[in-house]
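Analysis of the macromolecular model
Residues per chain, in single letters:
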Amino acid sequence: TVKYTPCSAAADAPKSRVCSDIKIPVRSYLGVHSWDSETDSRQNASPMVHDRYVDLGLLGRGGRGEVRRAFDPILERTVAMKIQLNGPTPAEDFARFQTEARICARLTHPAILAIHDWGRLRDGRPFIVMPIVSGQDFAAVIQDAYASGMPDISVLKRLVTVVRITCDAIAYAHTRRVLHRDLKP
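Values in this document were obtained by computation on a predicted structure and should not be read as measured data.

Criteria and cut-off values
- Residues numbered from 1 in each chain as written.
- Predicted model: local features only at pLDDT ≥ 70, side-chain atom pairs only at ≥ 80, totals over all residues.
- Heavy atoms only, no water.
- Phe/Tyr/Trp six-rings, centres within 6.5 Å; stacked < 30°, edge-to-face > 60°.
- Helix = DSSP H or I, 4+ residues; strand = E, 2+ residues; numbered from the N terminus.
- Buried < 20%, exposed > 50% of the residue type's maximum accessible area, 1.4 Å probe, protein only.
- Pairing = 2+ DSSP bridges.
- Axes fitted to C-alpha atoms, helices over the stretch in contact; angles between N-to-C directions.
- Contact = heavy atoms within 4.5 Å.

**Looking at the packing of aromatic side chains**
All chains considered together, the criterion is met by three aromatic pairs. Ring centres of Phe 94 and Phe 97 lie 5.9 Å apart, and the angle between their planes is 25°; on these two criteria the pair is classed as stacked. Of this pair, Phe 94 and Phe 97 both sit in helix α1 (residues 91–105), separated by three residues, roughly a single helical turn. With a centroid separation of 6.0 Å and 50° between ring planes, the pair formed by Phe 94 and Trp 118 is classed as tilted. Placement of Phe 94 in helix α1 and of Trp 118 in strand β9 (residues 117–120) is noted, with a sequence separation of 24 residues between them. With relative accessibility at 13%, the residue Phe 94 sits in the buried group. A residue is classified by how much of its surface remains accessible, and Trp 118, at 24% relative accessible area, is partly exposed.

**With respect to the sheet that holds strand β6 (residues 54–61)**
The strand order β6-β7-β8-β10-β9 describes an open sheet built from five strands, whose pairing is antiparallel. This sheet does not close on itself; its edge strands, each paired only once, are β6 and β9. Averaged over all adjacent pairs, the angle separating strand axes in this sheet is 25°, with direction ignored. Note: strand β7 (residues 65–72) against strand β8 (residues 77–84), eight bridges, orientation antiparallel. Note that in β8 the partner of Gly 65 across the bridge is Gln 84. Packed on one face of the sheet, α1 meets β9 and β10 (126–130) and runs near 175° to β9.

**Remarks on the pairing of β9**
Burial of the side chains of β9 is restricted to one face: Asp 117 and Gly 119 are buried, whereas none of Trp 118 and Arg 120 on the reverse face is. Relative to β10, β9 runs antiparallel, the two being bridged by four bridges. Across the sheet, residue Arg 120 finds its bridge partner in β10, namely Pro 126. The antiparallel pairing of β9 with β10 creates a hairpin that spans five residues between the two strands, and Gly 124 there sits at a positive phi of about 95°.

Printed below as a string of structure tokens:
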């Protein structure tokens, strides 16, 4: 995946928005990404992390947050729930988070993950709910491609296709006055 982050008003671009943590799925262009099945096992699930979602375990962790697999019993689907690592968010920071989630939820592009929900956990930390994408991130795909030297031209073409798709998604966001802030492989 290419990380494309939730959106907030940019101080230096008053008519634009800035994004900071939504993932753009590479899908099957390299054969490494696919949407997870909605039939994940819910045995041994942790207690609910929110009134609506059942925690199914950690998917990954970064510097500012973690992503957990969760089950939504209302819509009967498994989702990814990105949760801020630090304690409760002050009201001003939560308002900015809320604005980011709303702006990003308006982005509808096949290469940008949808935002299903957002809110606060019982302990006050904010969260965003989105689809689950599995597979390698693009940096790992590039590293694998060059592991044995210069890759075959067909591999290079697939890598360029992913970059083009990512650029298309970013261009779409820019047409909606949304700017990326943390794009990386």
